[in-house]
Amino acid sequence: MKLSDVVAFMGHQVHVCRYREAGTLLDWMGRDLRGKRVLDVAGGDGYWAGRARRRGAQAVSIDLSRKKMLYGRTLADAPALVECDALRLPFGDATFDAILSVCAIEHFDDGGTSLDEMARVLKPGGEIFMSADVLSRADSWPKLRDAHKAKYHVQHTYTHETLRRLMDERGLDLLRHSYQFRTAAAERLYLSLSAYGGRVGFNAAAPLVPLVALSDRRAPNERGSIVLIHARKR
């Protein structure tokens with residue numbers, strides 16, 4: 001394994017939330033993706049699209065960060081990497097069987113336009129697997145909330161209901177959703193790590209993943225820091 005793959009593994013999988021978040025979305029997508037075209041919207045270095053490629057998909061990852069994509073080209077199982085704007089996808093209508101997007105929509109000025117584009121390039125019957133920042137209790141800790149939003153350029157937050165409405169307007173049916181960091185303690189942990197810990201903090205907190213997952217299972221699936229969405233185009 002190359003050094004770049006080790007670094008990518010540490011950054012994406014040794015992480016208190018990203019592995020469980022993206023891993024769940026990929027599990028929903030399926031273990032056998034042979035013959036499917038998968039688009040990762042705002043996929044950075046393309047790491048998670050590369051995981052879809054390992055399952056047999058013809059995977060494409062788009063992002064505006066050329067630096068991240070140049071790094072992504074050095075990774076094993078790198079997908080096709082395209083530098084473009086998620087609000088103006090350079091693909092024809094009904095091109096992809098599935099779309100992946102890991103905590104990206106909250107960074108866009110216009111989340112509705114990004115969903116317009118996802119729906120446009122998705123085939124009828126195709127599916128979207130995405131996550132978004134919710135920050136249900138963030139107003140309880142305004143300094144943490146503001147630090148998180150400023151650090152990660154969060155423009156908007158969403159719930160499964162607001163996403164359901166946006167998707168319904170675009171011919172997409174919400175099939176299931178799941179919140180992560182559901183309890184107040186877990187959400188404060190998430191915001192504290194994002195505000196002050198950065199990647200090092202998120203990775204150092206990785207041993208807490210089983211505890212967070214257990215607390216999520218015991219809490220109602222109604223709110224949290226992140227929401228995962230599975231939808232299908234009519």
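Residues numbered from 1 in each chain as written. Predicted model: local features only at pLDDT ≥ 70, side-chain atom pairs only at ≥ 80, totals over all residues. Heavy atoms only, no water.

Labelled according to an unreviewed UniProt entry, the protein appears under the name Methyltransferase type 11 domain-containing protein, originating from Actinomadura keratinilytica.

(A) Spatial organisation of the pattern of salt bridges. In the structure shown here, the tally under the stated rule is 20 salt bridges. For Arg55, the salt bridge goes to Asp27, with nearest N and O atoms at 3.7 Å. Of this pair, Arg55 sits in the loop between α3 (47-54) and β2 (58-63) while Asp27 sits in helix α2 (residues 18-29), and the two are 28 residues apart along the sequence. Look at Arg55 and you get buried, because its relative accessible area is 14%. The network of salt bridges with common partners includes Asp27, Arg31 and Arg55. (Salt bridge = Lys/Arg side-chain N within 4 Å of Asp/Glu carboxyl O. Helix = DSSP H or I, 4+ residues; strand = E, 2+ residues; numbered from the N terminus. Buried < 20%, exposed > 50% of the residue type's maximum accessible area, 1.4 Å probe, protein only.)

(B) The side chain of Lys233, seen in detail. Assignment of secondary structure puts Lys233 in strand β7 (residues 226-233). For the buried Lys233, which has no salt bridge, the nearest side chain bearing the opposite charge is Asp93, at an N-O separation of 7.5 Å. With near-sequence residues (within four places) excluded, Lys233 lies in contact with Ala119, Arg120, Leu122, Lys123, Pro124, Gly125, Gly126, Gly171 and Leu172. (Lys, Arg positive; Asp, Glu negative; His and termini not counted. Contact = heavy atoms within 4.5 Å.)

(C) Examining the sheet that holds β2 more closely. Sheet architecture is open: seven strands sit in the order β3-β2-β1-β4-β5-β7-β6, paired in mixed fashion. Of all strands in the sheet, those bounded by a partner on one side alone are β3 (80-83) and β6 (172-180). For this sheet the average axis-to-axis angle between neighbouring strands, irrespective of direction, equals 15°. Inspection of the sheet shows β6 paired to β7 by eight bridges, in the antiparallel sense. In the strand pairing of β7, Arg176 is matched with His230. Lying on the sheet, helix α5 (residues 111-121) is in contact with β1 (37-41), β4 (96-101), β5 (122-133), β6 and β7; it crosses β5 at an angle near 150°. (Pairing = 2+ DSSP bridges. Axes fitted to C-alpha atoms, helices over the stretch in contact; angles between N-to-C directions.)

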